[in-house]
Amino acid sequence: MGKVILLAHQKGGVGKSNTATNLAVAIAKEQFNGETDRILLVDADPQATLYRWSQRREDNQNVNSFPCIRLDGNITSQIKIEAGKYGYVIIDAAGRDSREMRSAMLASDLMLIPTKASLADLELLEHMSETVETARDYNPDLTVSVFINMAPTNSQTEKTIAKQLLKEFPEFRLLNTVLSERKAHRDAFSEALGVHEWKDTKAKAEMSCLLKEICNEI
Ligand SMILES: Nc1ncnc2c1ncn2[C@@H]1O[C@H](COP(=O)(O)OP(=O)(O)OP(=O)(O)O)[C@@H](O)[C@H]1O
Ligand SMILES: [Mg+2]
């Protein structure tokens, strides 16, 4: 069975779609020699950000495109079927509580929650905490990890603050990797690429760290 990674958060704009695209590219580069056909992208968000990225990527002759499907409603059984066919299934859910998010949690190995490190952002994890508790009744093996995204490059305090605040949520593991706010993410995304295919080595190094940490968990 392939590994199923779900990007989810009830808050919008935290970097779910951006992380989905970058993890896909990072896995292809680091585990499959650049081949993309063992990694399925699942867009479970009506905004279709991930799907449109993958469509734009198909127009670029210089890179391999990813298989990508759109799913809605209760997607648990479809995800399980797809996991039997691929090495990885990466799901991008909408930035709100949705049937897609909840049903995807029942078929996932890892739910990855990007968050900014501010108190206002971290407090919103409370909602996710309840959702995770319910999902674990049906999928006790679900690993849930939180990571800080869009951290300012000139400050190291984010992780310390977040670690402190996340002590209130023992059901979430805070990953050590912090993704900084870097223009490379927006630039690469607009070209339907990942930071592994871009010129900012720091952005790429952070994404590699995130992938390594994830792979140790699932
Ligand atoms: N580490 C980063 N550095 C710079 N920009 C980033 C980073 N991560 C995400 N972004 C940018 O932030 C914006 C929101 O990211 P993204 O679309 O991935 O969020 P989302 O959680 O999928 O949002 P939604 O809930 O609307 O689906 C995008 O413009 C994206 O390019
Ligand atoms: Mg999105």
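What you see is a predicted model; the values in this text were computed from it and never measured.

Novice: Is there a simple way to think about the site of ligand 1 in this case?
Specialist: Lining the immediate environment of ligand 1, one finds 17 residues, of which Lys-16, Ser-17, Asn-18, Asn-149 and Ser-180 sit closest. Here Arg-186 contributes a side-chain N or O atom positioned 3.2 Å from a nitrogen atom of ligand 1. Of all the secondary-structure elements, those providing two or more residues to the shell around ligand 1 are helix 1 (16-31), strand 6 (143-151) and helix 8 (183-190). Broken down by element, the shell around ligand 1 gets its largest block of residues, three residues, from helix 1. Here the residues of the shell around ligand 1 are counted per class, giving two nonpolar, 10 polar and five charged.

Novice: Help me out: how do you make sense of the packing of aromatic side chains in this one?
Specialist: What describes a pair of aromatic rings is the distance from one ring centre to the other and the angle between the planes of the rings. Scanning the model with the defined rule gives three aromatic pairs in all. Between the aromatic rings of Phe-32 and Tyr-88, the centroid separation amounts to 6.2 Å while the plane-to-plane angle is 70°, which identifies the pairing as edge-to-face. Here Tyr-88 lies in strand 4 (residues 88-93) and Phe-32 lies in the loop between helix 1 and strand 2 (39-44), a separation of 56 residues in the sequence. According to the relative accessible area criterion, Phe-32 is partly exposed, its value standing at 22%. On the basis of relative accessible area, Tyr-88 is assigned to the buried category, the value being 9%. Seen from their ring centres, Trp-53 and Phe-66 are 6.0 Å apart, and the 35° between their planes marks the pair as tilted. Of the two residues, Trp-53 sits in helix 2 (residues 49-58) while Phe-66 sits in the loop between helix 2 and strand 3 (68-70), which places them 13 residues apart along the sequence. Its relative accessible area of 0% is what places Trp-53 among the buried residues. You can call Phe-66 buried: its relative accessible area is 3%. Positioned above the aromatic ring of Tyr-51 is the side chain of Arg-70, whose terminal nitrogen or guanidinium carbon lies 5.7 Å from the ring centre.

The rules behind these values
- Residues numbered from 1 in each chain as written.
- Chains lettered and ligands numbered in written order.
- Predicted model: local features only at pLDDT ≥ 70, side-chain atom pairs only at ≥ 80, totals over all residues.
- Heavy atoms only, no water.
- Near = heavy atom within 4 Å.
- Polar contact = N/O pair within 3.5 Å; in protein donor to acceptor, adjacent residues only side chain to side chain.
- Helix = DSSP H or I, 4+ residues; strand = E, 2+ residues; numbered from the N terminus.
- Nonpolar A, V, L, I, M, F, W, Y, C, P; charged D, E, K, R; others polar.
- Phe/Tyr/Trp six-rings, centres within 6.5 Å; stacked < 30°, edge-to-face > 60°.
- Buried < 20%, exposed > 50% of the residue type's maximum accessible area, 1.4 Å probe, protein only.
- Lys NZ or Arg CZ within 6 Å of the ring centre and 35° of its normal.

None of this, on its own, says anything about what the molecule does.
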